[in-house]
Amino acid sequence: VQLVESGGGLVQPGGSLNLSCAASGRTFSSRTMGWFRQAPGKEREFVAAINWSGGNTYYVDSVKGRFTISRDNAKNTVYLQMNSLKPEDTAVYYCAATLRGYSGDAIRGSFYDYWGQGTQVTVSS
């Protein structure tokens, strides 16, 4: 499975970005998908996860109400809509995928088998 993120960039505080993660290779619709981020000098952090149907989602508290994860299995793509961005959201954002069914372990990086290369998001005035 190959994952390619896009949509990152520089945005002012309060602005929005929509990240995309295109998957190719093995069947996409059976996977749990997640977004993680890593800021300079900090550990990788879970951001959001979604099950294969899109019916179950989970977010880290710091992004609840601002970020929305979604997926389009017909396009083999998962999205992260980010609104009301803050400087503390600045990080490299990574897409991750696994064949495992959705569970509480989806917040852990070790739950995932495949990772994208990351896309930089910078929130600054």
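Further up the page is the structure itself.
Keep in mind that this is a model prediction, so the values were computed, not measured.

Rules behind the numbers
- Residues numbered from 1 in each chain as written.
- Predicted model: local features only at pLDDT ≥ 70, side-chain atom pairs only at ≥ 80, totals over all residues.
- Heavy atoms only, no water.
- Disulfide = S-S within 2.5 Å.
- Helix = DSSP H or I, 4+ residues; strand = E, 2+ residues; numbered from the N terminus.
- Buried < 20%, exposed > 50% of the residue type's maximum accessible area, 1.4 Å probe, protein only.
- Pairing = 2+ DSSP bridges.
- Axes fitted to C-alpha atoms, helices over the stretch in contact; angles between N-to-C directions.
- Core = buried A, V, L, I, M, F, W, Y, C linked by side-chain atoms within 4.5 Å.
- Contact = heavy atoms within 4.5 Å.
- Salt bridge = Lys/Arg side-chain N within 4 Å of Asp/Glu carboxyl O.
- Phe/Tyr/Trp six-rings, centres within 6.5 Å; stacked < 30°, edge-to-face > 60°.
- Lys NZ or Arg CZ within 6 Å of the ring centre and 35° of its normal.

### Notes on the state of the cysteines
Then, in step 1: Taken as a whole, this structure holds 1 disulfide when the rule is applied.
Then, in step 2: Note that C21 is cross-linked by a disulfide to C95, the S-S spacing being 2.1 Å. Here C21 and C95 share a disulfide; its torsion about the S-S bond, -80°, makes the bridge left-handed. Of this pair, C21 sits in strand 3 (residues 17–24) while C95 sits in strand 9 (residues 91–98); the two residues are 74 residues apart in sequence, bridging distant segments of the chain. This pair shows no difference in class: C21 is buried, exactly as C95 is.

### Details of the sheet that holds strand 8 (residues 77–82)
Then, in step 1: Taking strand neighbours across the sheet as the criterion, the 4 strands line up as 1-3-8-7 in an open arrangement whose pairing is antiparallel. Unpaired on one side and paired on the other, strand 1 (2–6) and strand 7 (67–72) mark the two borders of the sheet. For this sheet the average axis-to-axis angle between neighbouring strands, irrespective of direction, equals 15°.
Then, in step 2: Pairing of strand 7 with strand 8, which is carried by 6 bridges, proceeds in the antiparallel orientation. Each bridged residue has a counterpart across the sheet, and for F67 the counterpart in strand 8 is M82.

### Side note on the nonpolar core
Then, in step 1: If you look at the biggest cluster of nonpolar residues, it comprises 34 residues, and the most contacted ones within it are W35, L80, M82 and Y93.
Then, in step 2: Breaking this core down by element, the ones donating at least two residues are strand 3, strand 4 (32–38), strand 5 (45–50), strand 7, strand 8, strand 9 and strand 11 (119–123).
Then, in step 3: When near neighbours in sequence (up to four residues on either side) are disregarded, M82 contacts G15, S16, L17, L19, R66, F67, Y93 and V121.

### Describing the pattern of salt bridges
Once the charged atoms of two side chains with opposite charge are near each other, the side chains can pair.
Then, in step 1: On inspection of all chains with the given rule, the structure shows 6 salt bridges.
Then, in step 2: In this structure, D89 and R37 form a salt bridge, with 2.9 Å as the shortest nitrogen-oxygen distance. Residue D89 is located in the loop between strand 8 and strand 9, and its partner R37 is located in strand 4; the two are separated by 52 residues in the primary sequence. Like D89, the residue R37 is buried in the burial classification.
Then, in step 3: For K64, the salt bridge goes to D61, with nearest N and O atoms at 3.0 Å.
Then, in step 4: Accessibility expressed as a relative area gives 60% for D61, which makes it exposed.
Then, in step 5: What you see here is one network of salt bridges that share partners, running through R37, E45, R66 and D89.

### Things to note about the packing of aromatic side chains
Then, in step 1: Applying the stated rule across the entire model yields 6 aromatic pairs.
Then, in step 2: Ring geometry for F36 against Y112: centres 5.4 Å apart, planes inclined by 80°, an arrangement best described as edge-to-face. Of the two residues, F36 sits in strand 4 while Y112 sits in the loop between strand 9 and strand 10 (114–115), which places them 76 residues apart along the sequence.
Then, in step 3: The buried category is assigned to Y112, whose relative accessible area is 5%.
Then, in step 4: Across the ring face of F36, the terminal group of R44 is positioned such that the distance to the ring centre comes to 5.6 Å.
Then, in step 5: Against the face of F111 rests R100, its NZ or CZ located 5.8 Å from the ring centre.

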